[in-house]
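Commentary on secondary and tertiary structure
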Amino acid sequence: MIQIVALSSRRKYVLSGESWTSTETQNDIEINAMQAIRKRANAASDHSIAKQRQALFAAGYKRIRQAINDQYYIEAICILESWMADRLESHLSFVLHEPHAFYTLDRLVRQYERHNVDSTLKTIVQNEVSVWKQQRNFIAHELMKIEEGTHISWTDRMGLSAKPAQEGLILLRKIDRLVTALQRKQARTKNKAVDTVMGGQ
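Before going into details, it helps to say that this report is about the structure given with it. (Residues numbered from 1 in each chain as written. Predicted model: local features only at pLDDT ≥ 70, side-chain atom pairs only at ≥ 80, totals over all residues. Heavy atoms only, no water.)

1. Let's talk about the overall build of the protein
A count of helical and extended segments in the protein gives five helices and four strands. The helix and strand sequence of the protein, counted from the amino end, reads β-β-β-β-α-α-α-α-α. Put simply, 53% of the contacts in the protein that link residues at least 6 apart link residues at least 24 apart. Element-wise, carbon and sulfur atoms account for 53% of the exposed surface of the protein, whose accessible area totals about 13600 Å². (Helix = DSSP H or I, 4+ residues; strand = E, 2+ residues; numbered from the N terminus. Contact = heavy atoms within 4.5 Å. Areas by Shrake-Rupley, 256 points an atom, 1.4 Å probe, with all protein chains shown as cover.)

2. Examining the packing of helix H2 (residues 73-96) against helix H3 (residues 105-114)
Contact geometry for H2 and H3: axes closest at 10 Å, N-to-C directions at 30 degrees. Considering the angle they form, H2 stands roughly parallel to H3. The interaxial crossing formed by H2 with H3 has left-handed handedness. Contact with H2, carried on its side by Glu 81, Met 84, Ala 85, Leu 88, Glu 89, His 91 and Leu 92, involves Leu 105, Leu 108, Gln 111 and Tyr 112 of H3 and no other residues of that element. Taken together, the residues of the contact of H2 with H3 break down into seven nonpolar, two polar and two charged. (Axes fitted to C-alpha atoms, helices over the stretch in contact; angles between N-to-C directions. Parallel < 35°, antiparallel > 145°, perpendicular 65-115°, else oblique. Left-handed = near helix turned anticlockwise from the far one by under 90°. Nonpolar A, V, L, I, M, F, W, Y, C, P; charged D, E, K, R; others polar.)

3. Some points on the environment of Phe 138
Mapped onto the elements, Phe 138 comes out in helix H4 (residues 119-141). It is 9.4 Å that separates the C-alpha atoms of Phe 138 and Leu 160, two residues lying 22 residues apart in sequence. Setting aside chain neighbours within four positions, we find Phe 138 in contact with Leu 143, Arg 157 and Leu 160.

4. So, the packing of H2 against H4
Two elements in contact, H2 and H4, have axes whose closest approach is 11 Å; the angle formed by their N-to-C orientations is 150 degrees. Here H2 lies roughly antiparallel to H4, going by the angle between them. Pair H2 / H4 crosses with left-handed handedness. Contacts from Ile 74, Ile 77, Leu 80, Glu 81, Met 84, Leu 88 and His 91 in H2 reach Leu 121, Val 125, Trp 132, Arg 136 and Ile 139 in H4. Its residues assigned to classes, the contact of H2 with H4 comprises nine nonpolar, one polar and two charged.

5. Describing the pattern of salt bridges
Summed over all chains, the structure comprises seven salt bridges. Here Arg 63 and Glu 75 are joined by a salt bridge, their closest N and O atoms 2.5 Å apart. Note that Arg 63 is positioned in helix H1 (residues 48-69) and Glu 75 in helix H2, a separation of twelve residues in sequence. For Arg 63, a relative accessible area of 40% translates into the label partly exposed. One salt bridge in this structure joins Asp 106 and Lys 133, with 2.7 Å as the shortest N-O distance. Residue Asp 106 is located in helix H3, and its partner Lys 133 is located in helix H4; the two are separated by 27 residues in the primary sequence. Each of Arg 53, Asp 86, Arg 87 and Asp 176 takes part in a single network of salt bridges with overlapping partners. (Salt bridge = Lys/Arg side-chain N within 4 Å of Asp/Glu carboxyl O. Buried < 20%, exposed > 50% of the residue type's maximum accessible area, 1.4 Å probe, protein only.)

6. Observations concerning the nonpolar core
Among the nonpolar cores identified, the biggest contains 34 residues, and Leu 88, Leu 105, Leu 121, Val 129 and Ile 175 are the most heavily contacted of them. Of all the secondary structure elements, the ones that give two or more residues to this core are H1, H2, H3, H4 and helix H5 (154-199). (Core = buried A, V, L, I, M, F, W, Y, C linked by side-chain atoms within 4.5 Å.)

7. Quick word on the environment of Glu 142
Counting through the fold element by element, Glu 142 comes out in the loop between H4 and H5. You can call Glu 142 partly exposed: its relative accessible area is 40%. Along the backbone, Glu 142 and Arg 157 are 15 residues apart, and their C-alpha atoms lie at a distance of 9.8 Å. With near-sequence residues (within four places) excluded, Glu 142 lies in contact with Asn 137 and Arg 157.

Structure (structure tokens):
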């Protein structure tokens, strides 16, 4: 059973059947599946996951390129955000030795500040992902809002969304290449350790 939970500033409203019930809670929006923390699938424990990810990434990359070419920048940004988060969650799973929970980019930036992750990747997260997510936040949260004293037309707003879409794809490639290289390096180190132990027996 999956409960969809909508949270206001003071109360939590849970959709059960066709009615909403409420309980006290904090600000947020969550999807609570079986009242458990949702974690990314682990390819090490299920070999089919790697094939699923490969197919998903291929389709996602094709869609991003198509969306950018067709000037559907908002769609591209949404896919890019999810994909960046997955790559960053993947590295944290290696560092923490357990499948990582689904996190937003905002929360992942804070996680990378807390944990002992690769220094190059941490710098990219702090300096580049942080800037990119601010651009993404404007598109996601302020696209239909007018700030006092400003005039930004719809055409101009669409123009502003082109940059995070195009630069986001470059940033995703950088993150993916580094995460992949780190994981391969860690796997080689682990295999060498196993060979050393087995050779000593």
